[in-house]
Amino acid sequence: MVTDGHNHTKHFSPDAGQSIDELISEAKAKGFTRIGITEHYEVEYPDDGLDWTFDLKEYDKTFEIWRERAGELELLKGIEFGYVPGVEKEIERLSALIPFDVVLLSVHLFRGKDFYVDRECYKLPAKELHGEYIANMAEMCEKCNNYNVAAHYDYINRYADNKSDFVTYDECPKEFDRLFEALISKGKALEINTKSIKKHIDGGFTRNLPDAGILNRYRAMGGKYITLGSDSHFPGTFAVCYGEAIEYLKSLGFTETVYFKDRKPYFEPL
Ligand SMILES: [Zn+2]
Ligand SMILES: [Zn+2]
């Protein structure tokens, strides 16, 4: 079973609506033996009335209780840091504060704005928008060091107005190469986010699965670490589109993914 390494609970992520018990039950019911919990932490974020930070020491303590409650299901203690330029030192500090199994880095903002709410960026030509977004991810992966996974490179696509928009390698090859160079040289992983696949399907996008050009190039450059995560926030969404993602990766010739435990990668066959 391929680990679902990216999930949220309402106890620490302000946009999540599932309890730890709901998540544990669903993971067990779906036959999983190991899951990652990666709560949101935004060092700098536009004021939207929500609290995107939390006490890491309290999280560390709570996690021990969760592990007891989870029984046979292994819980990987993770976090998802949102990146904007300038927060890299703080992310480095926070990543070292408690013993995480896995640290995800994400870009949730475009030019300082939450594009889920502020639609301005979608007026840009898709190639320009995607190129700048991937360049931001590359910068994040270059400037930060104490992390394991670059999450949802296609996040900018999820909320696009134009349903034929899609992040592809050919749109911004230089930016993707920069991102992959940073990940590969530092032993970090690229995430395939299956919530993005679900969003594309539900949103009526003309394409749903990650661009083969992106994955093939990552592998050609020497990328070995791919993680899978459903980014679940609500009951019923754990491991969403996992079957589709696994079959797709196999069709491209991938044979394994990784999960991180105690910050080290472990391979799992597809
Ligand atoms: Zn995210
Ligand atoms: Zn997430």
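You'll find the structure just up there.
Summary of the structure given here. Residue numbering note: each chain is counted from 1, following its sequence as written. Chain A is the first chain written and ligand 1 is the first ligand written, with later ones labelled in order. Totals for whole chains, interfaces and linings use all residues, but because this is a predicted model, local features are given only for residues with pLDDT of at least 70 and pairs of side-chain atoms are given and counted only at 80 or more.

As for unusual backbone geometry
Now for step 1: Positive phi is not limited to glycine here, since Arg111 has a value of about 50 degrees.
Now for step 2: Each helix is a run of H or I in the DSSP string that is no shorter than four residues. Each strand is a run of E no shorter than two, and both are numbered from the N terminus. Inspection of the secondary structure puts Arg111 in the loop between β3 (102-106) and α4 (126-143).
Now for step 3: The phi dihedral of Ala239 falls on the positive side, at around 55 degrees, and the residue is not glycine.

Quick notes on the pairing of β3
Now for step 1: Here β3 lies mainly inside the structure; five of its five residues are buried.
Now for step 2: A residue is called partly exposed when the number of other C-beta atoms within 10 Å of its own lies between 12 and 20, exposed at 12 or fewer, and buried at 20 or more, with C-beta atoms placed from the backbone. The side-chain alternation of β3 yields two buried faces, one formed by Val102, Leu104 and Ser106 and the other by Val103 and Leu105.
Now for step 3: Pairing between strand β2 (residues 74-82) and β3: five bridges, direction parallel. Each bridged residue has a counterpart across the sheet, and for Ile79 the counterpart in β3 is Val103.
Now for step 4: With the strands aimed away from the viewer, a crossover counts as right-handed if its path from the first strand over the helix to the second runs clockwise. One crossover worth recording links β2 to the parallel β3 by way of helix α3 (residues 88-95), and it is right-handed.
Now for step 5: DSSP calls a pair of strands paired once it identifies at least 2 bridges connecting them. Pairing of β3 with strand β4 (residues 149-150) involves two bridges; the strand directions are parallel. Considered in β4, the bridge of Leu105 is made with Ala150.

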